[in-house]
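# Examination of the molecular architecture
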Amino acid sequence: MGPELVIVETFVEYGIAATFILARIFTRHRQVGWRGFRADDYLVVVVLGLWTVLAVVGYKFTVVAQGRHTSLLTPEQRQDLPVSERPIWAFGSQLFLAGFVGYVFNIWLIKLNQLFYYQRVLNGLRVQKLIIPMMGLLGTAFVAAVLTIALYCVPLEKLWQVYPDPGKNCVPQTTVVFTVVLSLNLLTDLCILLLPIPTVISIQLPILKKLGLLVLFSGGLLSIAFAILRYAFIFNVQTEAVSALWTGRELFVATFAGQAPMIYPLLTRRFWARNRKSTKGSALQDLSGSNYNRVSASGYETGGAIPLVSRDTFEHRTKYPASPLEGLGH
């Protein structure tokens, strides 16, 4: 694939993902208002901002540096490379490293966003107790990934040194570093994927709706698949733009998988019917408990994608508690 097509795909994926994120923000605002926003609502804005930076880095890497980085050079090629060409290879290596580090930050932010979302919608359920330890695991994995990148080649500037050859460990694309990051990525993806599954299975719903929910909350499988594909293509298809191309694809899939449960209410009649009948301040009224309350399994407001229930049904719901995910089943 030529650099022009890589740039087109990168920015198309970025544009669609930005639309997902903006749709999620719109959905949450209609449900709870700005004052009802929680940590996961703000984290997606950071994800979008960082992805914007990564799109620019990917553009410069593909167009300006023409996909060049020192990982592609053999010791003989380094020695024979004209001195005038060394700066562009060094610059490409710096962009590659910046893109890789930005990728790690953004992927882990998307995971953290999902955990804060689950903390909100799984409020009061047993599985909620696993979320804080899961955040600890996520943080530990992130620190391990960053330290691996920072310490595998010391000093760091050797990663973009063209000549003399700094050694096989001091290139931006090393098998050891990428394997460690991939392993930590897959481990945390799998743990996050399993969190909502017991709750979804326990919901009293028709089998087709339950299967639909399982598919909706199993988007992490796509993220796992694309993380593996990214690794495989980067190390087996030696073309200049493959890293930027597959980084964008994995980020796109991860964003879609993370935001799909929050965007889904846009497709339900309940969401639009409620807002057609609402006034401008209805979201704040919902938060204050005027006429309606959002009820989770514990009986407390969660501000998630949960159907409104009247006060007349509150006693029934607390006696026979529904899952906080119930609203996604309609």
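Quick look at the structure, then. (Residues numbered from 1 in each chain as written. Predicted model: local features only at pLDDT ≥ 70, side-chain atom pairs only at ≥ 80, totals over all residues. Heavy atoms only, no water.)

### Section: the overall build of the chain
The condition that has to hold: In DSSP terms, a helix is any run of H or I states spanning at least four residues, a strand is any run of E spanning at least two, and both are numbered starting from the N terminus. A simple rule labels every residue: compare its accessible area, found with a 1.4 Å probe on the protein chains alone, to the largest value its type can have, and call it buried under 20%, exposed over 50%, or partly exposed in between. Contacts: residue pairs with any heavy atoms within 4.5 Å of one another. The method behind every accessible area is Shrake-Rupley, applied with a 1.4 Å probe, and residues are considered shielded solely by the protein chains displayed.
Helix and strand counts for the chain stand at 13 helices and 2 strands. Here the chain, with 330 residues, has 49% of them falling under the buried criterion. Across the chain, the fraction of contacts at a sequence separation of at least 24, relative to all contacts at a separation of at least 6, is 73%. Only carbon and sulfur atoms are counted for the fraction: they give 66% of the accessible area of the chain, which is about 15800 Å².

### Structural notes on the packing of aromatic side chains
What counts here: Aromatic contacts are taken between Phe, Tyr and Trp rings whose centres are within 6.5 Å, Trp giving its six-membered ring; a plane angle under 30 degrees counts as stacked, one over 60 as edge-to-face, and the others as tilted. The criterion for a charge sitting over a ring is simple: Lys NZ or Arg CZ within 6 Å of the ring centre, and within 35 degrees of the ring normal.
Scanning the model with the defined rule gives 18 aromatic pairs in all. An angle of 70° between the planes, with centres 6.5 Å apart, marks the rings of Phe-11 and Tyr-59 as edge-to-face. Here Phe-11 is found in helix α1 (residues 3-32), whereas its partner Tyr-59 is found in helix α2 (residues 39-64), with 48 residues between them in sequence. Take Phe-11: its relative accessible area is 35%, and that puts it in the partly exposed class. The exposure class assigned to Tyr-59 is partly exposed, which follows from its relative accessible area of 38%. Relative to Phe-96, the ring of Phe-61 has its centre 6.0 Å away and its plane inclined at 65°; by these criteria the two rings are edge-to-face. Taken together, the residues Phe-61 in helix α2 and Phe-96 in helix α4 (residues 86-121) connect sequence positions 35 residues apart. Residue classification places Phe-61 among the buried residues on the basis of a relative accessible area of 3%. By relative accessible area, which is 6% here, Phe-96 ends up buried. Taken together, the ring pairs connect Phe-61, Phe-96, Phe-100, Tyr-103, Phe-178, Tyr-231 and Phe-235 into an aromatic cluster. The ring of Tyr-103 carries Arg-230 above its face, with NZ or CZ at 3.9 Å from the centroid.

### Quick word on the environment of Arg-38
Inclusion rule: N or O atoms closer than or at 3.5 Å make up a polar contact, with two conditions inside protein: a donor-capable atom paired with an acceptor-capable one, and, for residues adjacent in sequence, both atoms drawn from side chains.
Locating Arg-38 in the fold gives a position in the loop between α1 and α2. Each C-alpha atom of the pair Arg-38 and Tyr-117 lies 8.6 Å from the other, and the pair is 79 residues apart in sequence. Looking at Arg-38, its side chain comes within polar contact range of the main-chain oxygen of Gly-36, at 2.9 Å.

### Quick word on the nonpolar core
Filter applied, for reference: Only buried Ala, Val, Leu, Ile, Met, Phe, Trp, Tyr and Cys residues count toward a nonpolar core, and they belong to the same one when joined by side-chain atoms within 4.5 Å.
Counting residues in each nonpolar core, the largest one holds 61 residues, and the members touching the most others are Phe-100, Val-104, Leu-115, Tyr-118 and Val-181. Counting only elements with at least two residues in this core, the list comes to α1, α2, α4, α5 (131-151), α6 (175-194), α8 (207-216) and α10 (242-263). In terms of residue count, the dominant contributor to this core is α4 (14 residues). Leave out the neighbours within four places in its chain, and Phe-100 touches Ile-149, Val-177, Phe-178, Val-181 and Arg-230.

### So, a nonpolar patch on the surface
Keep this limit in mind: For patch building, the residue pool is restricted to those with more than 30% relative accessible area and no salt bridge; the joining distance is 9 Å between like charges and 5 Å between nonpolar side chains (Val, Leu, Ile, Met, Phe, Trp, Tyr). Here a salt bridge means any side-chain nitrogen of Lys or Arg lying within 4 Å of a carboxyl oxygen belonging to Asp or Glu.
The grouping of Phe-11, Tyr-59, Val-63, Val-64 and Phe-91 at the surface amounts to a nonpolar patch, some 390 Å² of accessible area in total. A total of 3 residues in the nonpolar patch trace back to one element, the largest contributor, which is α2.

### A word on the pattern of salt bridges
In this structure the tally under the stated criterion is 7 salt bridges. A salt bridge links Arg-78 to Asp-165; the shortest N-O distance between them is 3.6 Å. Separated by 87 residues along the polypeptide, Arg-78 in helix α3 (residues 75-80) and Asp-165 in the loop between α5 and α6 bring together distant segments of the chain. Accessibility expressed as a relative area gives 33% for Asp-165, which makes it partly exposed. One salt bridge connects Lys-111 with Asp-189, and the closest N-O pair in it is separated by 2.6 Å. Of this pair, Lys-111 sits in helix α4 while Asp-189 sits in helix α6; the two residues are 78 residues apart in sequence, bridging distant segments of the chain. The class of Asp-189 is buried, set by a relative accessible area of 9%.

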